[in-house]
Amino acid sequence: MPERRPTPTVDHLMDAPLDSLLAEFSVDVSVLETDPGFTGGTYVRKDGSMLFVRPAGRPEAEWELTARAMLGRALRVQLPPLPEPYQLSELEPSGD
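Given the structure is predicted, the values throughout are model-derived calculations rather than measurements.

Rules used in this analysis
- Residues numbered from 1 in each chain as written.
- Predicted model: local features only at pLDDT ≥ 70, side-chain atom pairs only at ≥ 80, totals over all residues.
- Heavy atoms only, no water.
- Pairing = 2+ DSSP bridges.
- Helix = DSSP H or I, 4+ residues; strand = E, 2+ residues; numbered from the N terminus.
- Axes fitted to C-alpha atoms, helices over the stretch in contact; angles between N-to-C directions.
- Contact = heavy atoms within 4.5 Å.
- Core = buried A, V, L, I, M, F, W, Y, C linked by side-chain atoms within 4.5 Å.
- Buried < 20%, exposed > 50% of the residue type's maximum accessible area, 1.4 Å probe, protein only.
- Salt bridge = Lys/Arg side-chain N within 4 Å of Asp/Glu carboxyl O.

Caption draft 1: Here's a closer look at the sheet that holds strand E1 (residues 27-32). Reading across the sheet, the 3 strands line up as E1-E3-E2 and stay open at both edges, with mixed pairing between neighbours. In this open sheet, the two strands that pair with only one neighbour each are E1 and strand E2 (41-44). Averaged over all pairs of adjacent strands, the angle between their axes in this sheet comes to 20°, without regard to strand direction. Packed on one face of the sheet, helix H3 (residues 60-75) meets E1, E2 and strand E3 (50-55) and runs near 155° to E3.

And the structure:
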């Protein structure tokens, strides 16, 4: 029988150490050289695990902020809005 994860809450996603959250929700992180305006990306796999793309060289505080926001969005937990100029966008998969 597959292991059940606890239902995520705002408090848990905001307060738990980021590394623990990423492990708890089966998130792999890939660090890539990206365009300066790119702050991260999420890919949810068919099995429910996730891949986060972390831009190389960005501040740790920025990663904490965006990773928690991406995790909240992927888990459908309504977190407080990101400060300006950050925003999350969802792209629909192509039919390819």
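Following the structure, the description resumes.
Caption draft 2: Local environment of the nonpolar core. Ranked by internal contacts, the top residues of the largest apolar core, which has 15 residues, are Leu13, Phe25, Val27, Phe52 and Leu71. Breaking this core down by element, the ones donating at least two residues are helix H2 (18-24), E3 and H3. With 4 residues, the top contributor of residues to this core is H3. For valine 27, the contacting residues outside a window of four places in its chain are Leu22, Met50, Phe52 and Leu71.

Caption draft 3: Local environment of the pattern of salt bridges. Per the counting criterion, the structure on display carries 4 salt bridges. The partner of arginine 45 in a salt bridge is aspartate 28, and the shortest N-O contact between them spans 2.9 Å. Here arginine 45 is found in the loop between E2 and E3, whereas its partner aspartate 28 is found in strand E1, with 17 residues between them in sequence. Residue arginine 58 is joined to glutamate 62 by a salt bridge in which the shortest nitrogen-to-oxygen separation is 2.8 Å. On the basis of relative accessible area, arginine 58 is assigned to the partly exposed category, the value being 23%.

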